[in-house]
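An overview of the molecular structure
The lines below spell out each chain.
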Amino acid sequence: MRKIVASLFISLDGVVEAPDQWHFPYFNDEMGAAVDATLGVADTILLGRRTYDSFAGAWPDRERAGGEDAGFAKKLGDTRKIVVSRQDLEFRWRNSEQLKGELVDAATAVKRESGGTVAVSGSVSVVRQLLAHGLLDELHLLVHPIAVRRGMRLFDEGEPTIPLRLVSSAAFRTGVLHLVYAPAEPADDATYDDAKVHLPRHDA
């Protein structure tokens, strides 16, 4: 079964909205390698409509311009792109198609197809639904050392808890943390009495 891997730029206070307004000062070769390790190796990309519109409005022009990022732009263009939207869409960026049916059912079907990794970039509403239904295999968070203080956050208040386990972590020279999580079983119930045995002892 194929893996679905999501990657998000996120601030220290959990904001994921409009990263183009705050994350570029932290983008270096380490972050570029982290992005390439998800998007660059995927043979399918799952995108929400807003994220797709942003990508389609930029990457084809960058490919045609032939600059330093033209190779990555071509890779994105050559990759199959599935767009999640309830509106009828017309596509001008090659290898783009609209997801058919409900997200959960369609994502389950995509996971069962033969092929490589399915990447999700941005697309917060898509990530939330995949997490809630246990369809996301890995969540890559690039945590920036900045409190944005406004904008949409990754997790809504009032929703059920989602237990995760840390798979790997790395600190970049810019102070960005690359944290990779996978689904986990709910933790056992515990109280302060259970936790206090792990506190350091300071005998009088």
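Scroll up to find the structure.
Residues numbered from 1 in each chain as written. Predicted model: local features only at pLDDT ≥ 70, side-chain atom pairs only at ≥ 80, totals over all residues. Heavy atoms only, no water.

Points about the nonpolar core
Counting 27 residues, the largest nonpolar core has L46, V120, V127, L130, L136, L139 and L154 as its most contacted members. Counting only elements with at least two residues in this core, the list comes to β1 (4-11), β3 (80-84), α5 (103-112), β5 (118-121), α6 (124-132) and β6 (138-144). For this core, the element with the highest residue contribution is α6, accounting for 5 residues. Leave out the neighbours within four places in its chain, and L130 touches I4, L46, A107, V120, L135 and L136. With 19 residues, the next largest nonpolar core counts V35, A42, A73 and L142 among its residues. (Core = buried A, V, L, I, M, F, W, Y, C linked by side-chain atoms within 4.5 Å. Buried < 20%, exposed > 50% of the residue type's maximum accessible area, 1.4 Å probe, protein only. Helix = DSSP H or I, 4+ residues; strand = E, 2+ residues; numbered from the N terminus. Contact = heavy atoms within 4.5 Å.)

Brief notes about the packing of aromatic side chains
One pass over the full model with this rule turns up 3 aromatic pairs. Where Y52 meets W93, the ring centres are 5.9 Å apart and the plane angle is 40°; that geometry is what we call tilted. Of this pair, Y52 sits in helix α2 (residues 49-56) while W93 sits in the loop between β3 and β4 (96-98), placing them 41 residues apart in sequence. One exposure class covers both Y52 and W93, and it is buried. (Phe/Tyr/Trp six-rings, centres within 6.5 Å; stacked < 30°, edge-to-face > 60°.)

Details of the pattern of salt bridges
What the rule picks out here adds up to 17 salt bridges. Notably, a salt bridge pairs K111 with D137, separated by 2.6 Å at the nearest N-O pair. Linking K111 in helix α5 with D137 in the loop between α6 and β6, this pair joins segments that are 26 residues apart in sequence. By relative accessible area, K111 is classed as buried at 6%. Through salt bridges with shared partners, one network takes in R2, D43, R80, E97 and E113. (Salt bridge = Lys/Arg side-chain N within 4 Å of Asp/Glu carboxyl O.)

Describing the environment of A187
For A187, the position within the fold is in the loop between β8 (177-183) and α7 (192-195). For A187, a relative accessible area of 69% translates into the label exposed. On a C-alpha basis, the gap between A187 and V83 in space is 34 Å, while along the polypeptide they are 104 residues apart.

Overview of the pairing of strand β7 (residues 164-171)
Across 7 bridges, the pairing between β7 and β8 is antiparallel. Note on β8: the bridge partner recorded for S169 is L179. Count of turn residues in the β7/β8 antiparallel hairpin: 5 residues, of which G175 carries a positive phi of about 95°. (Pairing = 2+ DSSP bridges.)

Quick word on the sheet that holds β8
Pairing between the strands of a sheet is mediated by backbone hydrogen bonds and can be parallel or antiparallel. On the basis of which strands lie adjacent, the open sheet formed by 8 strands has the order β4-β3-β2-β5-β1-β6-β8-β7 and mixed pairing. Two strands lie at the open edges of the sheet, namely β4 and β7, each paired on one side alone. Between one strand and the next, the sheet's axes are offset by a mean angle of 25°, whatever the strand orientation. Pairing geometry for β1 and β6, over 7 bridges, is parallel. By the bridge assignment, A6 is partnered in β6 with L139. In this fold α2 packs onto β2 (44-48), β3, β4 and β5, with an angle of close to 115° to the strand it touches most, β2. (Axes fitted to C-alpha atoms, helices over the stretch in contact; angles between N-to-C directions.)

Overview of the pairing of β8
Regular strands place their side chains on alternate faces of the sheet. Relative to β8, β6 is paired through 5 bridges, and the arrangement is antiparallel. Directly across from V143, in β8, lies its bridge partner L177.

What about α2?
The set of residues buried in α2 consists of T51, Y52 and F55. End-on, the buried residues of α2 take up no more than an arc of 100°, which puts them together on one face. The inward-facing, buried residues of α2 contact β2, α3 (59-65), β3, β4 and β5. (Arc of directions from axis to C-beta.)

Quick word on helix α4 (residues 70-78)
Within α4, burial applies to A70, A73, L76 and G77. Viewed along the axis of α4, the buried residues span an arc of 120°, placing them on a single side of the element. Residues of α4 that are buried make contact with β2, α3 and β3.

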